[in-house]
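Structural features, examined
So you can see what is in the structure, the chains are spelled out below.
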Amino acid sequence: MAPQTVLITGCSTGIGLATAVMMAKDARYKVYATMRNLKSKTDLEKAAGDTLNKSLFIRELDVTKEATIKLVAGEILKENGRIDVLVNNAGYGEVDAIDQLSLEACQAMMDTNFWGTVRTTRAVLPAMKRQKSGRIINVSSIVAVWALPFNTIYAATKFAVEGFTEAIAVTLKRAYNIRMSLVEPGPVQTPMVTKFGSVSPAERTKDYDPPLRDEYMNFIEKLAGPMMNTAVSADEVANLILEAIVSENPHLRYQIHEVYKKAAAKKFIDPHTDAQLDMKNFMDMIN
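All values derive from a computational prediction rather than experimental measurement.

Considering the arrangement of structural elements, one finds Q255 in the loop between β7 (253–254) and α10 (258–268). Here the side chain of Q255 touches E184 through a polar contact of 2.7 Å, side chain to side chain. When sequence neighbours within four positions are dropped, the list of residues in contact with Q255 reads I142, E184, L240, Y260, K261 and A264.

What follows is the structure in structure tokens.
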């Protein structure tokens, strides 16, 4: 039986890299691991080992450029005749208190995190519809369940991904046997998290007014610090993604840490979600 073909975005580091390597080492899969700039492929090549150009193939794909998406999707179809799995992982975040980021920066983040997911999903859907099967995993975040301060636009992009997924998942399942799932990790030990910690609170808040600076310091002490104690490895997230892919009846949402499973349960059981307005609820869960 031929291996299933897998397209993964954002594979230069972190979750995408770990997922691509893990699946490429599994005889069930042939993986096309993509990234925006092939100059960033060194870490993936090293991690791939002897799977490189055998069951793992590195391709350039920028989720903000539709032509690059169509090129890779077309290559996969030409070589294999089908696309079985899509993992929408490409994305990035910026610290944003309320209105600190320019609108251009906000739009760029939305273009990658949300519209990139939409573009890539649309590129694989015609093939999946024809073959009446497929799995699409959208890497979201716990901030799309419980939006946190100083993650304003990043949270908005992930909320958008979740709304998009919810809106089409039922129809794709019923009409085409295509299953969609959201993976909602909290902190993950990746370069994106390392980048966040590389800027001191004093440096980050140098242009904040005093009330906003106080709120940020409170966020770092009461939320960001304790949350790092729940951080998981990229491999753990990759395992969860694989669990969703192989499940006969996959969930719509997956959280990886018990803390965030409780956070999701607390939110979704309350139709008014008033707990969102009191961050003490969240702080109590992670401490």
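Additional details are given in the paragraphs that follow.
Turning next to the side chain of S141. Within the secondary structure layout, S141 lies in the loop between β5 (134–139) and α5 (152–176). One polar contact links the side chain of S141 to the main-chain amide nitrogen of V143, over a distance of 3.1 Å. Among residues more than four places away in sequence, those in contact with S141 are Y154, K158, E162, V183, E184 and P185.

Whenever strands of a sheet pair, they do so through backbone hydrogen bonds, lying parallel or antiparallel. Spatially, the seven strands line up as an open sheet ordered β3-β2-β1-β4-β5-β6-β7, and their pairing is parallel. At either margin of the open sheet sits one strand with a lone partner, and together these are β3 (56–60) and β7. In this structure, strand β1 (residues 4–8) lies alongside strand β4 (residues 85–88), joined through three bridges in parallel fashion. When the bridges of β4 are listed, I8 appears paired with V87.

Here we come to the pairing of β3. Pairing of strand β2 (residues 29–35) with β3, which is carried by five bridges, proceeds in the parallel orientation. The residue of β3 that forms the bridge with V31 is L56. Handedness of the crossover joining β2 and β3 through helix α2 (residues 42–48): right-handed.

α5 packs onto helix α4 (residues 103–131) with a crossing angle of 15° between their chain directions and a minimal axis gap of 8 Å. Judged on the interaxial angle alone, α5 and α4 are roughly parallel. Every pair of crossing elements has a handedness; the one defined by α4 and α5 is right-handed. Mapping the contact onto sequence places C106, M109, M110, N113, F114, T117, V118, T121, L125 and K129 in α4 and I153, Y154, A156, T157, A160, V161, F164, L172 and Y176 in α5.

All right, on to helix α3 (residues 66–80) then. In this model, α3 (15 residues) spans 21 Å end to end at C-alpha, consistent with the 21 Å of a helix rising 1.5 Å per residue. Those residues of α3 not exposed but buried are T68, I69, V72, A73 and I76. One side of α3 carries all its buried residues, which in axial view fall inside an arc of 130°. Across α3 from its buried face, at more than 90 degrees, point the exposed residues A67, K70, L71 and K78. Contact partners of the buried residues in α3: β1, β2, β3 and α4.

Residue F150 is not a glycine yet carries a positive backbone phi of 65°. With respect to the helices, strands and loops of the structure, F150 is situated in the loop between β5 and α5. Residue class for F150 comes out buried when judged on its relative accessible area of 7%. The phi torsion at N177 lies on the positive side, around 60°, for a residue other than glycine. Relative to the assigned elements, N177 resides in the loop between α5 and β6 (178–183).

This part is about the UniProt feature "transmembrane region" (unreviewed entry) in the protein. Mapped onto the present numbering, the UniProt feature "transmembrane region" (unreviewed entry) falls on residues 6–24 and 136–156. Helix makes up 58% of residues 6–24 and strand 16%, with an end-to-end C-alpha separation of 9 Å. For residues 136–156, helix accounts for 24% and strand for 19%, while the C-alpha atoms at its two ends are 21 Å apart.

Considered as a void within the structure, the second largest pocket measures approximately 320 Å³ in volume. Lining the second largest pocket we find 19 residues, and of these Q4, Y29, D84, R135 and I245 sit closest to its centre. At the level of secondary structure, the elements contributing two or more residues to the lining of the second largest pocket comprise β5 and α9 (234–246).

The subject of this paragraph is the packing of aromatic side chains. Following the criterion strictly, the structure yields eight aromatic pairs and no others. Ring geometry for Y208 versus Y216: centroids 6.1 Å apart, planes at 90°, classification edge-to-face. Through pairs of rings, three or more aromatic residues link up here, namely F150, Y208, Y216 and F219.

In β4, alternate side chains face the same way, and those of V85 and V87 on one face and L86 and N88 on the other are all buried. Each parallel crossover has a hand, and the one from β4 via α4 to β5 is right-handed.

This brings us to the pattern of salt bridges. Evaluation of the coordinates by the stated rule reveals 12 salt bridges. Here K70 and E66 are joined by a salt bridge, their closest N and O atoms 3.6 Å apart. Taken together, the positions of K70 and E66, both in helix α3 and four residues apart, correspond to about one turn of that helix. Here R253 makes a salt bridge to E184, at a shortest N to O gap of 3.0 Å. Placement of the pair is R253 in strand β7 and E184 in the loop between β6 and α6 (191–197), with a sequence separation of 69 residues. Owing to a relative accessible area of 19%, R253 belongs among the buried residues under this scheme.

Cut-offs used in this document
Residues numbered from 1 in each chain as written. Predicted model: local features only at pLDDT ≥ 70, side-chain atom pairs only at ≥ 80, totals over all residues. Heavy atoms only, no water. Helix = DSSP H or I, 4+ residues; strand = E, 2+ residues; numbered from the N terminus. Polar contact = N/O pair within 3.5 Å; in protein donor to acceptor, adjacent residues only side chain to side chain. Contact = heavy atoms within 4.5 Å. Pairing = 2+ DSSP bridges. Right-handed = clockwise from strand over helix to strand, strands pointing away. Axes fitted to C-alpha atoms, helices over the stretch in contact; angles between N-to-C directions. Parallel < 35°, antiparallel > 145°, perpendicular 65-115°, else oblique. Left-handed = near helix turned anticlockwise from the far one by under 90°. Expected span 1.5 Å × (residues − 1). Buried < 20%, exposed > 50% of the residue type's maximum accessible area, 1.4 Å probe, protein only. Arc of directions from axis to C-beta. UniProt positions renumbered as here; feature names shortened; annotations may be inferred. 1 Å grid on protein atoms, 1.4 Å probe; cavity = no way out; pocket = protein on both sides within 12 Å on 5 of 7 lines; lining within 4 Å. Points joined across faces, edges and corners; volume = space filled by probe spheres on them. Phe/Tyr/Trp six-rings, centres within 6.5 Å; stacked < 30°, edge-to-face > 60°. Salt bridge = Lys/Arg side-chain N within 4 Å of Asp/Glu carboxyl O.

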